[in-house]
Amino acid sequence: MARVFNFSAGPAMLPQAVIEKAQAEMLDWNGSGMSVMEMSHRGKEYMSIAEKAEADLREVMGIPSNYKVLFLQGGASSQFAMIPMNLLRGATTADYLNTGDWSKKAIAEAKRYCTVNLAADTSEDNFTRAPAQSELKLSADAAYVHYCPNETIRGVEFPYIPAVGDKPLLADMSSTILSRPIDVSKFGMIYAGAQKNIGPAGLTVVIIREDLIGETLAGTPTMFDYKTHAENDSMYNTPPTYSWYLAGLVFEWIKEQGGLAKVAEVNERKAAKLYAAIDGSDFYANPVEVASRSWMNVPFTLANAELDADFLAEAKKVGLTTLKGHRSVGGMRASIYNAMPEAGIDTLVAFMAEFEKKHG
Ligand SMILES: *Cc1c(COP(=O)(O)O)cnc(C)c1O
């Protein structure tokens, strides 16, 4: 068996120890005589799995007790609609920071429900930087402020948490959640599709302050109301049971690593190595302003785009896969979430130097 270093943006690598544990428990979870996949979500075995996963996530992220943690489906993309449906709470305007492809999608969806005030917009800079706090033009009548702390496609990450006064700050953390410690109390809501840094696809985690729940737009479907899920411990309907279980194994794994402070140290070092390799060469380039560079998604281009196909093919031969950049931007992108071992970065950096020597 040869496991590759998989640089996919998502679904992405999972820690090998997590997959091995799932494999060991696959046929018979903890003496139950069944796979987690076969369990009733209302049975006591599964309830214990679900509760432990939530407790571990709360511990790992330091989630205050006045926040609900919801385990939903529909991806981060469903949240783009659920947010205005649930959080406008009588207002007709919301502030959005436009910093890349994912915030654009959130904005397009919000426009179906309210007036969107672009409190920042870096499209003129081709989305190569996060806006500074001083640039934010927040509106007085906005119900909330929404932003994407890490733009997965162009690799732009906010180096700070925007200060937004007493407005709820909402964050699409799909590609940066669990990459480092964060102060959850600064947010009204945090949400993330699981398939980047939490677990397998099919699960969406929502962390929401309790007082924001309960005042939806008329006509909001039951399944799109946070209250439905908050009041039913995310078991109003059948949750994505296996993804939730695997997410729980990932939370346990983070605890075993020494928690998010330790995970952050490794992530920062991994990213620094890769950016140093890019910046130290005339052959590779990354367009993102240094202070706004993502720890998780590192796009880069080759000086000669005609070599892209060779780069990908040769990388694959040495076990480095899925380095192709997003179809909308081209070039390369190395997604280096928590589960990417540091050895994966070292192998990639060595390969890049080798490739440049041969073709540069
Ligand atoms: C991947 C991603 C999404 C989309 O998530 P889905 O779960 O596929 O809906 C949204 N926002 C960000 C920042 C992402 O990285």
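Note that the structure is a prediction, hence the values are computed from the model and not measured.

The rules behind these values
- Residues numbered from 1 in each chain as written.
- Predicted model: local features only at pLDDT ≥ 70, side-chain atom pairs only at ≥ 80, totals over all residues.
- Heavy atoms only, no water.
- Buried < 20%, exposed > 50% of the residue type's maximum accessible area, 1.4 Å probe, protein only.
- Helix = DSSP H or I, 4+ residues; strand = E, 2+ residues; numbered from the N terminus.
- Pairing = 2+ DSSP bridges.
- Contact = heavy atoms within 4.5 Å.
- Expected span 1.5 Å × (residues − 1).
- Domains from an automatic or database assignment.
- Buried area = accessible area lost by both parts, 1.4 Å probe.
- Salt bridge = Lys/Arg side-chain N within 4 Å of Asp/Glu carboxyl O.
- Polar contact = N/O pair within 3.5 Å; in protein donor to acceptor, adjacent residues only side chain to side chain.
- Near = heavy atom within 4 Å.
- Areas by Shrake-Rupley, 256 points an atom, 1.4 Å probe, with all protein chains shown as cover.
- Nonpolar A, V, L, I, M, F, W, Y, C, P; charged D, E, K, R; others polar.
- Axes fitted to C-alpha atoms, helices over the stretch in contact; angles between N-to-C directions.
- Parallel < 35°, antiparallel > 145°, perpendicular 65-115°, else oblique.
- Left-handed = near helix turned anticlockwise from the far one by under 90°.

Chemist: So what's going on with the pairing of strand β12 (residues 297-302)? Residues and values would help.
Modeler: Remember that side chains alternate between the two faces of the sheet whenever the strand is regular. Burial analysis of β12 places five of its six residues in the buried class, which makes it a mostly covered element. Two strands pair when backbone bridges link them, and β12 and strand β14 (residues 332-335) are joined in this way by four bridges, in the antiparallel orientation. Within β14, the residue paired with Phe300 across the bridge is Met332.

Chemist: Could you give me a rundown of the side chain of Thr204, with the residues and numbers involved?
Modeler: Position of Thr204 relative to the elements: it lies in strand β10 (residues 204-209). Every residue in contact with Thr204, bar those within four places of it in the chain, is listed here: Leu70, Phe71, Leu72, Gln73, Gly74, Gly75, Ala76, Gln79, Ala192 and Gly193.

Chemist: Please give an account of helix α6 (residues 241-257) that cites residues and values.
Modeler: Because the α-helix completes a turn every 3.6 residues, residues three or four places apart line up on one side. The end-to-end C-alpha distance of α6, which contains 17 residues, comes to 25 Å, matching closely the 24 Å that a straight helix rising 1.5 Å per residue would cover. Most of α6 is tucked away: 14 of the 17 residues are buried. Taken from the residues just after α6, Gly258 is the one with a positive phi, measuring 105°.

Chemist: So what's going on with the domain arrangement of the protein? Which residues, and what values?
Modeler: Each domain of the protein was delimited in the assignment, giving domain 1 (16-257) and domain 2 (258-359). Centre-to-centre separation of domain 1 and domain 2, based on C-alpha positions: 27 Å. Facing the 27 residues of domain 1 at the interface are 26 residues of domain 2. Together, the buried faces of domain 1 and domain 2 total about 2,100 Å²; carbon and sulfur atoms form 57% of this surface. Contact with domain 2 buries surface across domain 1, with Thr128, Ile153 and Arg180 losing the most and accounting together for 23% of the total. For the pair domain 1 and domain 2, the number of links is zero salt bridges. At the junction of domain 1 and domain 2, the tally comes to 15 residue pairs in polar contact (both at pLDDT 80 or more).

Chemist: Explain the sheet that holds β14 residue by residue, including any values.
Modeler: The three strands are arranged β11-β12-β14 in an open sheet whose pairing can be described as antiparallel. The open sheet has two edge strands, β11 (284-285) and β14, and neither has a second partner. In terms of strand pairing, β11 meets β12 through two bridges, oriented antiparallel. Bridging from a neighbouring strand, Ala285 pairs with Thr301 of β12.

Chemist: Kindly report on the site of the ligand, identifying the contributing residues and their values.
Modeler: Close to the ligand lie 13 residues, the nearest being Ser77, Thr152, Asp172, Gln195 and Lys196. Take Lys196: an N or O atom from its side chain is 2.7 Å from an oxygen atom of the ligand. When the free accessible area of the ligand is taken as 390 Å², the share hidden by the protein chains comes to 87%. Broken down by element, the residue count for the shell around the ligand peaks at four residues, all from helix α3 (residues 75-87). Taken together, the residues of the shell around the ligand break down into four nonpolar, seven polar and two charged.

Chemist: Talk me through the packing of helix α2 (residues 44-61) against α6; I want residue IDs and the actual numbers.
Modeler: The geometry of α2 relative to α6 is characterised by a closest axis approach of 9 Å and an angle of 40° between their N-to-C directions. The orientation of α2 relative to α6 falls into the category oblique. In this structure, α2 crosses over α6, and the sense of that crossing is left-handed. Seen from α2, the contacting residues are Tyr46, Ile49, Ala50, Lys52, Ala53, Asp56, Leu57, Glu59 and Val60; seen from α6, they are Thr241, Trp244, Tyr245, Gly248, Phe251, Glu252, Ile254 and Lys255. When the residues that make up the contact of α2 with α6 are grouped by side-chain class, the tally is 10 nonpolar, two polar and five charged.

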